[in-house]
Amino acid sequence: MLISNKHLSLIKDEILSSKSQRAGTYFNISFSEREIVLTFAEPITLDNSEYYGIDALIKLINDKIEILTCDFSNIKHYDSYLILLINNLKELSKSKRLAINLIGVTPKMAKFIELFGKEQSAEINNIISTGFWENYFSHIGQLTLTGLTDVKLFIEFLGEIISKFFSLFIHPGKMRWKEFPFHLTKSGVNAVPIVFLIVFLIGMISGYQGAMQLRQVGADIYIADLIGISITRELAPLMTAILVAGRSGSAFAAELGTMKVSDEIDALKSMGFDHIHFLILPRIIAVMFAMPFLVMLANFAGILGGMLAALSTLELTMVGYLNEMQTALSFGDVFSGLIKSIVFGFLVSSIGCFRGLQVHGGAESVGKYTTAAVVTGVLTIIVADAIFTLIFQSLGI
Amino acid sequence: MMKKPIIEVKDVCVKYSENTILENITFDVYEGEILVIVGGSGCGKSVLLKQITGLEMPTSGDVKIHGENLTNANDEIKRKIQKKFGILFQSSGLFASMTLAENIALLLESFTDLTEDEISDIIDIKLSAVGLDGYRNYLPSEISGGMKKRAALARALALDPDILFFDEPSSGLDPVTAASLDNLIKNLNESLGMTMVVVSHDLASIGNIAHRVILLDKEAKGIIATGTAEEMKRNRENEKVYNFFNRIAN
């Protein structure tokens, strides 16, 4: 085959990156009728990768070319880019049906190629070759299966907790009561400032929003009804539960997860202790006990926030606001919020503990399940709140 | 006279989902014996230990300790059996929020009628036995890895069990600390006649402490050889056994 020197030079320029003035020195190309010989001259390293592009080499290969020879005899320095380059050349030779010869490979280089240049397993190749949609639907399927398995396991876990909770009425000494005040302080007392602040602000925001609308229709006084009912029935229990999910639910998941990773839970079981009585129930009971108190405080904070907004934007007096609040609020409003708070507390804490016990492997898993504890906790609270609303409505509470 | 088996493992199979980890594992552990379960990474050593100690239930088969079947026991009986043995976990398993004294006291407070003073004395005795005098008020995070293992051993000894299980006792320890832990294990065995089951792949440690060794294999999903450490090292009939005990890559 005849190729003019000018043509060869043009193709070489195309092969070698134009970015570098030194490009021409990285490898040489020589031809015979049936063979292309690439003689590498410079270090084949990741730093030099841009000078070893072989895409344009394809243009040099016509039907008569049968052999691609790569000469490495001048190469003293190389790293994992050598493996990549050889793989690319092998792929090229395979697609063009060429025989490939690697020459000038030192024993040291051969050992390096053997160590790092293993073919990918069929399994990996299969994963890569799977189509986008197949992957997409398989991922959705896997998520659905994981979700359903989690629901099943959580129901089993709830069953175990509930049965062990009721067994406490017969054997109260089974639970580690020593832990109860500690968790009550951590989940309840320590949550007071943040619960107060958040629900106070929520009350204030609702107050301002409500006041603007009510003023237009001259129904200023009904701001007390709006704030009172929305805070006691919905916002205080819901916001408190979300905050407790963020604080305590995540903390339970992280604590129990870490204990699981460091074999503490296995150690506990092996010593003849029941981890549900020892670790889980003190946490759940503490949160269930703390929640109504936190919600009472949140009710106060929300009503106070709403009042400040109302007094500053509407022509209302504090006495008028509180009198209307007294008339508007029924026992059922406050009571339904408190009942909800106990159930929310139970759900948030048991989900936190459940996620913590799901941890396996290492620290990475602790983070994963801690996040899952908060997400699942918040989602479950909102679903439970919707169910409560339907139940209370049908019962006329 | 043949010694009586204290632990009887019969036809134990373990499957996780569809994945078979162990098949038909059968062996006995005799009174006063140090049995070491060895094998390459992922062969199911720790899984087997969890089945023997009742932390997990095998898919099929039986595990008896002192003649009582642990596999079909209810929670109450299982806990009663578990109180008869101690376990030293790979990562020690000490309760991070408790001091060493509280870790040991937990068992004594829960399962004995000892007074506070008596419990305190026993804590000192146990800590002293493992060379940790003066460390009773330290948290696990305040001591080294080797000391944690010793403290966990002191806790495992709290109720004077007659069986001790060890999961990779020398993992993560320097050779000198590992050797001193081996000596401690040997001394406890010799002085108290305790039966011990040790999971390990530390050949030096195995040579030091083992009365008998069983070798698990990942491909066989079971035991491929039993004998003393010396016998295993000389076993040229089975290439896998010979390679494992002479550190030869496959």
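Keep in mind the model is a prediction, meaning the values are calculated, not measured. (Residues numbered from 1 in each chain as written. Chains lettered and ligands numbered in written order. Predicted model: local features only at pLDDT ≥ 70, side-chain atom pairs only at ≥ 80, totals over all residues. Heavy atoms only, no water.)

## A look at the overall build of chain A
Line of reasoning, step 1. In terms of helices and strands, chain A carries 13 helices and 4 strands.
Line of reasoning, step 2. For chain A, the proportion of its 397 residues judged to be buried stands at 45%.
Line of reasoning, step 3. Across chain A, every contact between residues at least 6 apart in sequence was considered, and the portion connecting residues at least 24 apart equals 82%.
Line of reasoning, step 4. Accessible surface for chain A amounts to roughly 21000 Å². Of this, 65% is attributable to carbon and sulfur atoms. (Helix = DSSP H or I, 4+ residues; strand = E, 2+ residues; numbered from the N terminus. Buried < 20%, exposed > 50% of the residue type's maximum accessible area, 1.4 Å probe, protein only. Contact = heavy atoms within 4.5 Å. Areas by Shrake-Rupley, 256 points an atom, 1.4 Å probe, with all protein chains shown as cover.)

## Details of the domain arrangement of chain A
Line of reasoning, step 1. Segmentation of chain A into domains returns domain 1 (5–119) and domain 2 (168–395).
Line of reasoning, step 2. The C-alpha centroid of domain 2 of chain A is placed 66 Å from the C-alpha centroid of domain 1 of chain A. (Domains from an automatic or database assignment.)

## Quick notes on the packing of helix H5 (residues 132–167) of chain A against helix H12 (residues 331–358) of chain A
Residue and element names in this part refer to chain A.
Line of reasoning, step 1. Where H5 meets H12, the axes come as close as 11 Å, and the angle between the chain directions of the two elements is 115°. One way to sum up the angle between H5 and H12 is to call them roughly perpendicular. For the pair H5 and H12, the sense of crossing is right-handed. On the side of H5, the interface is formed by Asp150, Leu153, Phe154, Phe157, Leu158, Ile161 and Ile162, while H12 contributes Phe346, Ser350, Ile351, Cys353, Phe354, Arg355, Leu357 and Gln358.
Line of reasoning, step 2. Its residues assigned to classes, the contact of H5 with H12 comprises 11 nonpolar, 2 polar and 2 charged. (Axes fitted to C-alpha atoms, helices over the stretch in contact; angles between N-to-C directions. Parallel < 35°, antiparallel > 145°, perpendicular 65-115°, else oblique. Left-handed = near helix turned anticlockwise from the far one by under 90°. Nonpolar A, V, L, I, M, F, W, Y, C, P; charged D, E, K, R; others polar.)

## Looking at the domain arrangement of chain B
It is common to give the size of an interface as the accessible area lost on bringing the parts into contact.
All names here are of chain B.
Line of reasoning, step 1. Domain parsing of chain B yields domain 1 (5–84 + 161–245) and domain 2 (97–160).
Line of reasoning, step 2. Across the boundary between the two partners, domain 1 contributes 15 residues, which contact 12 residues of domain 2.
Line of reasoning, step 3. Summed over both sides, the interface between domain 1 and domain 2 buries roughly 1100 Å², with carbon and sulfur atoms accounting for 74% of that surface.
Line of reasoning, step 4. Of all residues in domain 1, Lys83, Pro161 and Leu184 bury the most surface against domain 2, accounting for 45% of the area lost on that side.
Line of reasoning, step 5. Linking domain 1 to domain 2 there are 0 salt bridges.
Line of reasoning, step 6. The tally of links from domain 1 across to domain 2 stands at 4 residue pairs in polar contact (both at pLDDT 80 or more).
Line of reasoning, step 7. For the side of domain 1 that touches domain 2, the secondary structure elements donating two or more residues are strand S7 (163–167) and helix H6 (175–192).
Line of reasoning, step 8. When residues of the side of domain 1 that touches domain 2 are assigned to their parent elements, the largest contribution, 5 residues, is made by H6. (Buried area = accessible area lost by both parts, 1.4 Å probe. Salt bridge = Lys/Arg side-chain N within 4 Å of Asp/Glu carboxyl O. Polar contact = N/O pair within 3.5 Å; in protein donor to acceptor, adjacent residues only side chain to side chain.)

## Some words on the nonpolar core
Line of reasoning, step 1. Among the nonpolar cores identified, the biggest contains 146 residues, and Ile280(A), Tyr321(A), Ile7(B), Phe27(B), Ile37(B) and Phe165(B) are the most heavily contacted of them.
Line of reasoning, step 2. The dominant element in this core, judged by the number of residues it contributes, is helix H10 (residues 275–313) of chain A, at 16 residues.
Line of reasoning, step 3. The contact partners of Ile37(B), leaving out residues within four places of it in the chain, are Phe27(B), Lys45(B), Leu48(B), Ile52(B), Val197(B), Val198(B), Val199(B), Ser200(B), Ile214(B) and Leu216(B).
Line of reasoning, step 4. Counting residues in each nonpolar core, the second largest holds 30 residues, with Tyr52(A), Ile65(A), Ile83(A) and Leu92(A) among its members. (Core = buried A, V, L, I, M, F, W, Y, C linked by side-chain atoms within 4.5 Å.)

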